[in-house]
Every structure is written in structure tokens, then in C-alpha cells.
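# Close look at the chain arrangement
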Amino acid sequence: MKSVGSIRELIMNPLSGMKEKNGQKVPAWQVKAWVMARRKQEDLHLLQLEKDEAEQVKVQKQQAKEAFGKEIAGIDAAAKAKHAEAKIKEEETKRAKSDADKAKADAEKSKADAEKMKAQADKERALADKAMAAASNADKKEKKDKKEKKEKK
């Protein structure tokens, strides 16, 4: 193998590599062998580079897939939490409406009961007034009768 300096020189001036150190020309078969070996090495390096890039792309895809999965999971969790919160609010609203309806029904029932009691009291008052009027009439009649009896006597 040649030194790094001679390899640089070969790259810069490829025709200088056709002679050996002692000045003799390198046989064509040897140059072809070197070229083929170099091409084979380049092909192997290219294949390895493609494998490395493919592996890197796979890793990037996997990382992107995991990140996307985490995002989706976060979005799903947020959506579920929002849905649960909405459901709780809906239940609270229903419960509050039910309580309000119940309170309204109780108020209406109380109002109806009060009206019945008032009607009952009015009836009792009317009966009492009638009884008082009858008693008063009876007293008046009795007084009148007593007065007439006295007058007749």
C-alpha cells in the first residue's frame, strides 16, 4: 500500500500512478485489478452507506410514528375528558332542571292547597255567618216573641 501523500498525488495526477517507484511501467492487468478492487470497495461503501441511511430513515419514521401516537393519545385523552366534562355538566343541568321543576310543582301544590284552605275557611266563615245570622234572628225572634207575650199580657 502506498502512503497517504502518494495516494493524494494519484488522485490529483492519475497518470503518475502508472509507473512504479523504480520507474518501470505498471502492467495493465495490475492497473485493471486495482481499478476493479477500488470499484468493489466503493460499491461496498455505497451499499453500507445506503443501509445506514435506510436504517436512519427507519429510526426517524419510528420516532415520528411514536410522536404522532403520543399526540393522538393526548388528543384522545383531551377529547374524552372534554366529553366526560360535558356529560357531567349535562347531568348537572338535568338535575338542576329536575329540582327546579320539582320546586315549581311543590310551589304550585302549596298554592293550590292554600287556595283550598282559603276556600274552606271562606265556606266555614259563610256557615258561621249564617249560623250567627240565624242565631241573631232567633234571638230577635225570641225577643220579639217575649215582647209580644208581654204586650199580650
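Everything that follows concerns the structure shown earlier in this document.
Attention here is on the structure that accompanies the text. (Residues numbered from 1 in each chain as written. Predicted model: local features only at pLDDT ≥ 70, side-chain atom pairs only at ≥ 80, totals over all residues. Heavy atoms only, no water.)

Summed over all chains, the structure comprises four salt bridges. Of the charged contacts in the structure, one is a salt bridge between Lys-89 and Glu-85, with a shortest N-O distance of 3.7 Å. Of this pair, Lys-89 and Glu-85 both sit in helix 2 (residues 28-152), four residues apart, which is roughly one turn of the helix. Here Glu-85 falls in the partly exposed class, since its relative accessible area comes to 46%. A salt bridge links Asp-122 to Arg-125; its shortest N-O distance comes to 3.2 Å. Placement of the pair is Asp-122 and Arg-125 together in helix 2, with a separation of three residues, close to one helical turn. For Asp-122, a relative accessible area of 36% gives the class partly exposed. (Salt bridge = Lys/Arg side-chain N within 4 Å of Asp/Glu carboxyl O. Helix = DSSP H or I, 4+ residues; strand = E, 2+ residues; numbered from the N terminus. Buried < 20%, exposed > 50% of the residue type's maximum accessible area, 1.4 Å probe, protein only.)

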